[in-house]
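Structure assessment
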Amino acid sequence: MSIVHLHQSAADDAIGDLIAAHRPGHGLARPFYMDPAVFERDMERLFRRHWHCLAHASVIPNAGDFELFRLGDEQIILTRTADGAIHAMLNVCRHRGAEVCTKPKGNARFFVCPYHAWTYANDGSLRAARLMPKDFDRSEHGLKKLHVRVASGLVFISFAETPLDFDPIEQSLRTSCGQYGWGEAKVAHRELYPLQANWKLAVENYVECYHCGPAHPEYSQTHALEQPLEMIEKLNQAMEARTCALGIEVVSGDRWQNSATGQEAIHTFRYALYDGVSTGSQDGKPIAPLMGRFAEYDGGVTSIHLGGTTFLVCYPDHGMIYRFVPKTADSCEMELIWLVRNDAEEGRDYDLEKLTWLWKVTTEEDKKIIEHTARGVRSHYFVPGPIAPMEHNELRYINWYLEEIARP
């Protein structure tokens, strides 16, 4: 056995021991946020196995449009070809591995490798390889293609050779954010937040609202998630009655299963805003034209957790895509994408500052809290405490995560 294999075997044993030592009902231990071997396991068994939302399709509206995305160590070129199809390819030349796309976005029919000028069409096929022998088969050397699915306007990619079944996800999105017109939406704004923290600390923070009262006073003025259960149920019943009166059914459902089922995980749920609050804004008042099937506000929010890195928030007049992007064992990025109706014009139909205010304030607060936590868990004496009842989504996420990285 080689030294590399010996090191890998030891790392696998150590991670297995770490998973076995996890205390049910508690947070994750320090090495899950610090150990480079755990991070590589995350990349191998979670990121390269699951579906990830890259963008809303409206970021590449025209034939020839492209944008470059990064996920871990990988660079992905997202393109739209002349027939309207969307493709995703790794930004790795099939000759010597150089990056063939050197601009963050633009419009191009071809990508020419700057090293030896191998030329690829924007569907990834190799069109020219200068001075190669006559028997060289260009068709065997196109850019590595990733699986792509577009659902309700959202572009998803998978690195897996055989990806998880996406059909149930597409159906769930159609009956949830599809009701809000996301397939006909456009991007109003995007904001990238770099974090000096492991990606799991960022996701765990997102999925629980135990911290909302202390950390997010602005969010908590309009979103009723910290009230007693009896009050929340009353608000939710009134919300659902208003939604039903509009002739709309937004389907909730919990399909948060591990990948051993062969399907992607998704959890869709709804919750009410406070009485008199229309949407997620500074004062709760409308901030953009109504979307999809909504002719009036129902005073509610639809939230979707999908595949471990993608989280969606639907209001009647705008939408939010939350992307978590791993970088290294101790760094990641959060990208926020604001959606509005595709015919809405900035300055006429919405004010960009008002549209983005709430989630910018909330995310800036999250960035501070997450990085405070990242510095704290570096302590050799950190021991995770019990998960609070309000952190039930975090507990489910942790259990799911452990099952995923334990699978071969």
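We now turn to the structure provided with this report. No experiment lies behind these values; they were computed from the predicted model shown.

1. Some remarks on the packing of helix H5 (residues 199-207) against helix H10 (residues 392-406)
Viewed as axis vectors pointing N to C, H5 and H10 meet at an angle of 145 degrees, and their least axial separation amounts to 8 Å. Handedness of the H5/H10 crossing: right-handed. Counting all contacts with H5, which are made through Trp-199, Lys-200, Val-203, Glu-204 and Val-207, the residues of H10 involved are Asn-393, Glu-394, Tyr-397, Ile-398 and Tyr-401. Considered class by class, the residues forming the contact of H5 with H10 number six nonpolar, one polar and three charged.

2. Description of the state of the cysteines
In total, this model carries one disulfide according to the counting rule given. In this model Cys-209 forms its disulfide with Cys-212; the gap between the sulfur atoms is 1.8 Å. Disulfide Cys-209-Cys-212: torsion about the S-S bond near -110 degrees, hence left-handed. A relative accessible area of 12% places Cys-209 in the buried class. Distance from the sulfur of Cys-93, which forms no disulfide, to the nearest cysteine sulfur (Cys-113) is 3.9 Å.

3. Here's the deal with the sheet that holds strand E15 (residues 310-314)
Paired through their backbone hydrogen bonds, the strands of a sheet run either parallel or antiparallel. Across the sheet, seven strands lie side by side as E11-E17-E16-E15-E14-E13-E12; this open sheet has antiparallel pairing. Two strands close off the open sheet at either side, each with one partner strand: strand E11 (185-195) and strand E12 (253-255). Shown here is a sheet whose adjacent strand axes are inclined to one another by a mean of 20 degrees, direction ignored. Pairing of E12 with strand E13 (residues 266-272) involves three bridges; the strand directions are antiparallel. Counted as the bridge partner of Asp-254 is His-267 from E13. Here H5 sits on the sheet in contact with E11, strand E14 (300-306), E15, strand E16 (319-328) and strand E17 (331-341), set at roughly 155 degrees to E16. Against the sheet, helix H9 (residues 352-377) contacts E11, E15, E16 and E17, and its axis sits at roughly 25 degrees relative to E11.

4. Looking at the sheet that holds strand E5 (residues 105-107)
Read from one edge to the other, the open sheet built from four strands follows the order E4-E3-E2-E5, with strand pairing classed as antiparallel. Each of the sheet's edge strands pairs with one partner strand only, and the pair in question is strand E4 (86-90) and E5. For this sheet, the mean angle separating the axes of adjacent strands, direction not counted, is 25 degrees. One ladder, built from five bridges, connects strand E3 (residues 74-80) with E4; its direction is antiparallel. From the neighbouring strand, Ile-76 faces E4, where its bridge partner is Leu-90.

5. Quick look at the environment of Leu-246
Relative to the assigned elements, Leu-246 resides in the loop between helix H8 (229-245) and E12. A relative accessible area of 26% places Leu-246 in the partly exposed class. Sequence separation between Leu-246 and Tyr-297 is 51 residues, and the spatial gap between their C-alpha atoms is 9.0 Å. Ignoring any residue separated from it by four or fewer positions in sequence, one finds Leu-246 in contact with Phe-294, Glu-296 and Asp-298.

Rules of the game
Residues numbered from 1 in each chain as written. Predicted model: local features only at pLDDT ≥ 70, side-chain atom pairs only at ≥ 80, totals over all residues. Heavy atoms only, no water. Axes fitted to C-alpha atoms, helices over the stretch in contact; angles between N-to-C directions. Helix = DSSP H or I, 4+ residues; strand = E, 2+ residues; numbered from the N terminus. Left-handed = near helix turned anticlockwise from the far one by under 90°. Contact = heavy atoms within 4.5 Å. Nonpolar A, V, L, I, M, F, W, Y, C, P; charged D, E, K, R; others polar. Disulfide = S-S within 2.5 Å. Buried < 20%, exposed > 50% of the residue type's maximum accessible area, 1.4 Å probe, protein only. Pairing = 2+ DSSP bridges.

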